[in-house]
Amino acid sequence: MRRLWIVFVPYIAVSVVHVAALAVGSDAVAAPTKLALMPLLALAVAWGVRGSRWTPPHTLLVVAIGLSWVGDGAGTFIPWMPTVPMMLLFFGLAHLCYIWLFWRMLAVRRAPIWAAVYAVWWLVLLAVLWPNLGGLAIAVAIYGLVLGGTAFAASRCHPLIVWGGVFFLTSDSVLAFRLFAPDAMPDWTSPLVMLTYCLGQGLFAAGVLVSVRARNVAQTTVATR
């Protein structure tokens with residue numbers, strides 16, 4: 001477990017620098033560090049799997065991280081397209097990967113009753129923001145479904161993944177208000193978006209590594225009996 005957490009040190013360090021840069025308004029530091037986050041997280045996953053067997057959950061996790069990276073850098077990677085729709089598209093695809101990963105591959109329990117709060121979250125968020133969504137209303141509603149679906153699927157998994165879903169949902173909720181109701185959001189919510197986002201993605205990655213490793217150990221133990 002100690003080695004597992006060590007692999008996340010570069011990701012954690014750059015996350016701290018990025019959030020701090022947002023807090024002090026340093027765009028020159030915030031922009032490149034944002035684009036470094038997901039590659040470093042993918043590197044942590046690859047490093048964390050070293051010495052053990054690479055599995056389909058690892059592949060799906062890296063695909064989701066890669067799609068998130070494109071979503072993070074939509075304005076940079078696809079400058080000729082509207083940024084917000086491209087963000088919704090690529091993060092939506094990432095969430096579909098996470099839903100499949102958590103629901104079909106890593107679930108260890110039935111969805112708890114408290115996870116119904118995610119349906120309430122979706123309804124309330126849409127009700128509050130709908131007048132401000134304009135032409136993006138349907139896209140945001142669909143994205144909200146897959147975002148809530150990720151958090152709901154995560155509730156069936158290891159506690160690290162459960163909390164990853166909570167933080168990711170928090171991040172995108174705050175971001176939604178920053179995008180569509182900016183007058184209601186103070187400046188400090190900008191670093192809050194990325195703080196909770198980094199926590200969410202990092203906990204997802206760590207939770208997948210821990211879950212797959214525990215499953216492999218259990219299978220090995222059964223096979224040797």
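Everything here concerns the structure above.
Engineer: Please set out the overall build of the protein chain residue by residue, giving values where relevant.
Structural biologist: Helices and strands together make up the secondary structure of the protein chain, namely ten helices and zero strands. Along the protein chain, helices and strands appear, N-terminal first, in the series α-α-α-α-α-α-α-α-α-α. Against the 2.2 N^0.38 benchmark of 17 Å for 225 residues, the protein chain shows a C-alpha radius of gyration of 18 Å, consistent with a compact globule. Counting across all 225 residues of the protein chain, residues that qualify as buried make up 47%. Of the contacts made within the protein chain by residues no fewer than 6 positions apart, 75% connect residues no fewer than 24 positions apart. Separation of charge centres in the protein chain, based on 13 positive and 5 negative side chains, amounts to 30 Å.

Engineer: I'd love a proper account of helix H6 (residues 83–105), names of residues and values included.
Structural biologist: Taking 1.5 Å per residue, 23 residues should reach 33 Å; H6 reaches 32 Å between its end C-alpha atoms and fits that length. Every buried residue belonging to H6 is among Met-86, Met-87, Leu-88, Phe-90, Phe-91, Gly-92, Ala-94, His-95, Cys-97, Tyr-98, Leu-101 and Phe-102, and all of these are buried.

Engineer: Can you tell me about the packing of aromatic side chains, naming the residues and giving the values?
Structural biologist: Under the definition given, this model contains eleven aromatic pairs. Taking the centre distance of 5.9 Å and the plane angle of 85° together, the rings of Phe-91 and Tyr-197 count as edge-to-face. Here Tyr-197 lies in helix H10 (residues 189–224) and Phe-91 lies in helix H6, a separation of 106 residues in the sequence. Accessibility expressed as a relative area gives 7% for Phe-91, which makes it buried. Taking the centre distance of 4.7 Å and the plane angle of 50° together, the rings of Tyr-98 and Phe-204 count as tilted. Taken together, the residues Tyr-98 in helix H6 and Phe-204 in helix H10 connect sequence positions 106 residues apart. Given the relative accessible area of 1%, Tyr-98 is considered buried. Aromatic rings pair up to connect Phe-91, Tyr-98, Phe-102, Phe-168, Tyr-197 and Phe-204 into one cluster. In this structure, Arg-104 is placed above the aromatic ring of Trp-100, and the distance from its NZ or CZ to the ring centre is 5.4 Å.

Basis of the calculations
Counting starts from 1 at the beginning of each chain's written sequence and moves along it residue by residue. In keeping with the model being predicted, local features are shown solely for residues with a pLDDT of at least 70 and side-chain atom pairs are shown and tallied solely at 80 or more, while totals for entire chains, interfaces and linings include all residues. Computation of side-chain values: all heavy atoms of the structure, hydrogens and water removed. Numbering goes from the N terminus for both helices and strands, where a helix is a DSSP run of H or I of at least four residues and a strand is a run of E of at least two. Atoms considered for the radius of gyration are the C-alpha atoms alone. The globule rule reads 2.2 Å times the number of residues to the power 0.38. We call a residue buried when its accessible area falls under 20% of the maximum for its residue type, exposed when it is over 50%, and partly exposed in between, using a 1.4 Å probe and counting protein chains only. By definition, residues are in contact when any of their heavy atoms lie within 4.5 Å. A residue counts as positive if it is Lys or Arg and as negative if it is Asp or Glu; His and the chain ends are not included. Taken as the charge centre is NZ of Lys, CZ of Arg, CG of Asp or CD of Glu, depending on the residue. To estimate the expected span of a helix, subtract one from its residue number and multiply by 1.5 Å. Geometry of aromatic contacts follows a simple scheme: Phe, Tyr and Trp rings, the Trp one being its six-membered ring, pair when their centres are within 6.5 Å, and the pair is stacked under 30 degrees between planes, edge-to-face over 60, tilted otherwise. Distance and angle both matter: a charge sits over a ring if NZ of Lys or CZ of Arg is within 6 Å of the ring centre and within 35 degrees of the ring normal.

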